[in-house]
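# Fold and geometry: a report
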Amino acid sequence: MVQQPHPITIGPSKEPNFVQLADGSKMPIVAYGTFLMQQPGATRQALEAGYRHIDTARLYFNEAMIGQEIKEWIAADPANRKREDLYIVTKVFNDCHRPEDVRKSAEASLKDLDCGYIDCMLIHWPDAFMPGVGNDFSSDNIIFDDKVTLADTWKAMEKLVDDGIARSIGVSNFSLRQLDEILKVARIQPLHNQVELNPYLPQWTLVEECKKRGVQCTAYCPLGGPGAIKPNKLLQDPLVAKLAQETNKSPAQVLTKWSIQRGVPALPKSSNSDRIKTTYEGIYDWRLTDEQMKALNGLENGYRSCAPGWKTWEDDVSYAKTAAA
């Protein structure tokens, strides 16, 4: 029987503050997301505010800065701050799907983060880019790599666990079909599927079906996505504003709470020191009512903040029905 991930409470928290994953490890349910984050000091501020789950990626070009700020934070109070208190996630990008490139990417991430080990290493996207040809993530004209399979990449990821580079491995932006392709060959099970999740794009079927497979979905863009890419309509949604007023919380707190209250770890991001603090502050001391949760659920409209032109999104609902037949 597959061990399903589930929220748990550790310490004096009034609400679940961790998720116990399928392998028994524990992941803080609120993470500090660092996409587009190039501001020195932001990671240190997040750690001071209470975040213990840090999410980055090779693509973000900020691992060295994050690693340095983690070391500074620990060094400021070594008796009470340990590397083991943190959960650090990074990702192998699309042009590193070939086994030898998986290894190079992982070793480079670990060198830059300089944190001893990676708690969970993810395949950033299931789509393999041809290495060495100048593919641009933001371009619609991508040369894909047909010389490597997901099974090839996953076997190389498993070797990272064998060799102590990563303690666990997972995926990001995978459909159910793609996840099943991994599970068929996996010696070491993926623990995470990090995908875009928020009230506009709750992806109910994907989240539930991943859970049945022992895979925890985690939510990037839980606040609706960075406005630098596409307009963030969710933070300004009238219903979100109304609920923020009702609860005396910020819109970011309301949206983060919606995610973790459904049992999905959230990765809110900000480079603003006040917002870094207020989004996390007191997040485990209150709850949205059933009526408020239901109202937020009703915002579903399928809007994707992260939708590169080269990406084709698969229909998880239809696949789940076919797979269950």
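Residues numbered from 1 in each chain as written. Predicted model: local features only at pLDDT ≥ 70, side-chain atom pairs only at ≥ 80, totals over all residues. Heavy atoms only, no water.

## Looking at the packing of aromatic side chains
- Considering all chains together, one arrives at 15 aromatic pairs under this definition.
- Between Trp125 and Trp310 the ring centres are 5.2 Å apart and the planes differ by 65°, which places this aromatic pair in the edge-to-face class. Of this pair, Trp125 sits in the loop between β7 (120-123) and α4 (150-162) while Trp310 sits in the loop between α10 (290-297) and α11 (316-324); the two residues are 185 residues apart in sequence, bridging distant segments of the chain.
- Judged by relative accessible area, Trp125 falls into the buried class, the value being 2%.
- With relative accessibility at 8%, the residue Trp310 sits in the buried group.
- Taken together, a centroid distance of 5.9 Å and an interplanar angle of 50° make the contact between Trp125 and Trp313 tilted. Of this pair, Trp125 sits in the loop between β7 and α4 while Trp313 is found in the loop between α10 and α11, placing the two residues 188 residues apart along the sequence.
- What links up through ring pairs into an aromatic cluster is the set Phe93, Trp125, Phe129, Phe137, Phe144, Trp310 and Trp313.
- Between Arg83 and the ring centre of Tyr117, over which it is positioned, the NZ or CZ distance is 3.9 Å. (Phe/Tyr/Trp six-rings, centres within 6.5 Å; stacked < 30°, edge-to-face > 60°. Helix = DSSP H or I, 4+ residues; strand = E, 2+ residues; numbered from the N terminus. Buried < 20%, exposed > 50% of the residue type's maximum accessible area, 1.4 Å probe, protein only. Lys NZ or Arg CZ within 6 Å of the ring centre and 35° of its normal.)

## Overview of the sheet that holds strand β4 (residues 32-33)
- The strand order across the open sheet built from seven strands is β4-β5-β6-β7-β8-β9-β10, with neighbouring strands paired in parallel fashion. If you trace the sheet from one side to the other, it starts and ends with β4 and β10 (216-220), each paired once. (Pairing = 2+ DSSP bridges.)

## What to know about the pattern of salt bridges
- Summed over all chains, the structure comprises 21 salt bridges.
- The closest approach of N and O atoms between Arg81 and Glu48, which form a salt bridge, is 3.3 Å. Highlighted residues: Arg81 in the loop between α2 (63-75) and β6 (87-92) and Glu48 in helix α1 (residues 42-49), separated in sequence by 33 residues.
- By relative accessible area, Arg81 is classed as buried at 15%.
- In this structure Glu48 comes out as partly exposed when scored by relative accessible area, which is 44%.
- Ionic pairing is found between Lys91 and Asp55, a salt bridge with its closest N-O pair at 2.8 Å. Here Lys91, found in strand β6, pairs with Asp55, found in strand β5 (residues 53-55); they are 36 residues apart in sequence, far enough to count as distant.
- On the basis of relative accessibility, which here comes to 2%, the residue Asp55 falls in the buried class.
- Ionic contacts of the salt-bridge type, sharing partners, join the residues Arg44, Glu48, Glu72 and Arg81 into one network. (Salt bridge = Lys/Arg side-chain N within 4 Å of Asp/Glu carboxyl O.)

It is worth stressing that arrangement in space is one thing and function is another; only the former is reported here.
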